[in-house]
Amino acid sequence: MEITKEKLDDLVWLLEHPEYEQRVVDIRTFIDSEEYLNAKNECWDSIKDDNEELFNGKYTEAAFCEAIGAGKGYKSSIIIAYMVYKTLCLRDPQRYYGLAKGSQICFINMSIRAEQSKKVVFVEIKARIDNSPWFRKFYSPNPDIRSELQFPKNVIIFPGNSKETFPLGY
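The residue numbering used here restarts from 1 in each chain and proceeds along that chain's sequence as written. Whole-chain, interface and lining totals are the exception, using all residues; otherwise, since this is a predicted model, local features are given only for residues with pLDDT of at least 70 and side-chain atom pairs are given and counted only at 80 or more. To get the side-chain values, take all heavy atoms of the structure and skip hydrogens and water.

This part covers a nonpolar patch on the surface. The grouping of Ile3, Leu8, Leu11, Val12 and Leu15 at the surface amounts to a nonpolar patch, some 500 Å² of accessible area in total. Helical segments are the DSSP runs of H or I of at least four residues, strand segments are the runs of E of at least two, and each set is numbered from the N terminus. For valine 12, the location among the structural elements is in helix α1 (residues 5–16). Two distance rules govern patches: like charges are joined within 9 Å, and nonpolar side chains (Val, Leu, Ile, Met, Phe, Trp, Tyr) within 5 Å, applied only to residues with over 30% relative accessible area and no salt bridge. Exposure was quantified through the Shrake-Rupley algorithm and a 1.4 Å probe, taking into account, for residues, occlusion by the shown protein chains and nothing else. The term salt bridge refers to a pairing of a side-chain nitrogen on Lys or Arg with a carboxyl oxygen on Asp or Glu at a separation within 4 Å.

Working definition: rings of Phe, Tyr and Trp (its six-membered ring) pair if their centres are within 6.5 Å, and the pair is stacked with planes under 30 degrees apart, edge-to-face with planes over 60 apart, and tilted otherwise. For the structure on display, the rule yields 14 aromatic pairs. When the ring of phenylalanine 55 is compared with that of tyrosine 82, the centres are 4.7 Å apart and the planes differ by 75°; the resulting orientation is edge-to-face. Taken together, the positions of phenylalanine 55 in helix α3 (residues 45–56) and tyrosine 82 in helix α4 (residues 72–89) put the pair 27 residues apart, joining distant regions of the chain. Burial classes follow relative accessibility: with a 1.4 Å probe on protein chains only, a residue under 20% of its type's maximum area counts as buried, one over 50% as exposed, and anything between as partly exposed. Accessibility expressed as a relative area gives 23% for phenylalanine 55, which makes it partly exposed.

Further remarks concern the environment of lysine 48. Relative to the helices and strands, lysine 48 is located in helix α3. Lysine 48 sits in the buried class, given a relative accessible area of 4%. Spatially, the C-alpha atom of lysine 48 lies 7.6 Å from that of isoleucine 31, the residues being 17 residues apart in sequence. Aside from chain neighbours lying at most four places away, what touches lysine 48 is Arg28, Ile31, Asp32, Ala39, Lys40 and Cys43. At a separation of 3.2 Å, a polar atom in the side chain of lysine 48 contacts the main-chain carbonyl oxygen of lysine 40. Contact criterion: two residues are considered in contact whenever any of their non-hydrogen atoms come within 4.5 Å of each other. Under the rule applied, a polar contact is a pair of N or O atoms within 3.5 Å (in protein, one hydrogen donor and one hydrogen acceptor; residues adjacent in sequence only if both atoms are side-chain atoms).

What follows is about the nonpolar core. Side-chain atoms within 4.5 Å are what join buried Ala, Val, Leu, Ile, Met, Phe, Trp, Tyr and Cys residues into a set we call a nonpolar core. If you look at the biggest cluster of nonpolar residues, it comprises 35 residues, and the most contacted ones within it are Phe30, Val84, Tyr85, Phe135, Phe151 and Ile157. Elements with a contribution of two residues or more to this core: α2 (27–32), α4, β1 (105–111), α6 (114–130), α7 (133–138), β2 (149–151) and β3 (155–161). Looking at which element gives the most residues to this core, the answer is α4, with 9 residues. Excluding its chain neighbours within four sequence positions, the residues that come into contact with phenylalanine 151 are Val84, Leu88, Ile129, Phe135, Tyr139, Ser140, Pro141 and Ile157.

Spelled out as structure tokens, the structure:
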């Protein structure tokens, strides 16, 4: 078996990051590469730049206030797909985040109405994940569940509404 520079770099990265079982790529690689979202030619540079700023900055929250048609739903679908990807690359996500074994890790996309959340952003997230070679190869969501995306390691994505009590418990 030939050891390439890329394989050696991956091994060194994993030794330096023992909490991961797979090397995590940066957000721009995740968007552009054929191995992940393969969206190099469809994703606007401004969305890539915003996501790069978000993931390279020291943010704990972000709010994108943009006009209709600016790509907020698309941008959000990439953000959630990337966050789920990074979580699934962890050996033990619950332990990493200080949760009890077996705890769910939920990614919730919310909108004014649950119907809008499901028909707009959730559909975008599902499309990103369904069309990603990485997710198909390593962590496809449970095909028997359609109301949410359930992944191994007890990681879930689901749509919700903007009522302040909706995400309680998650």
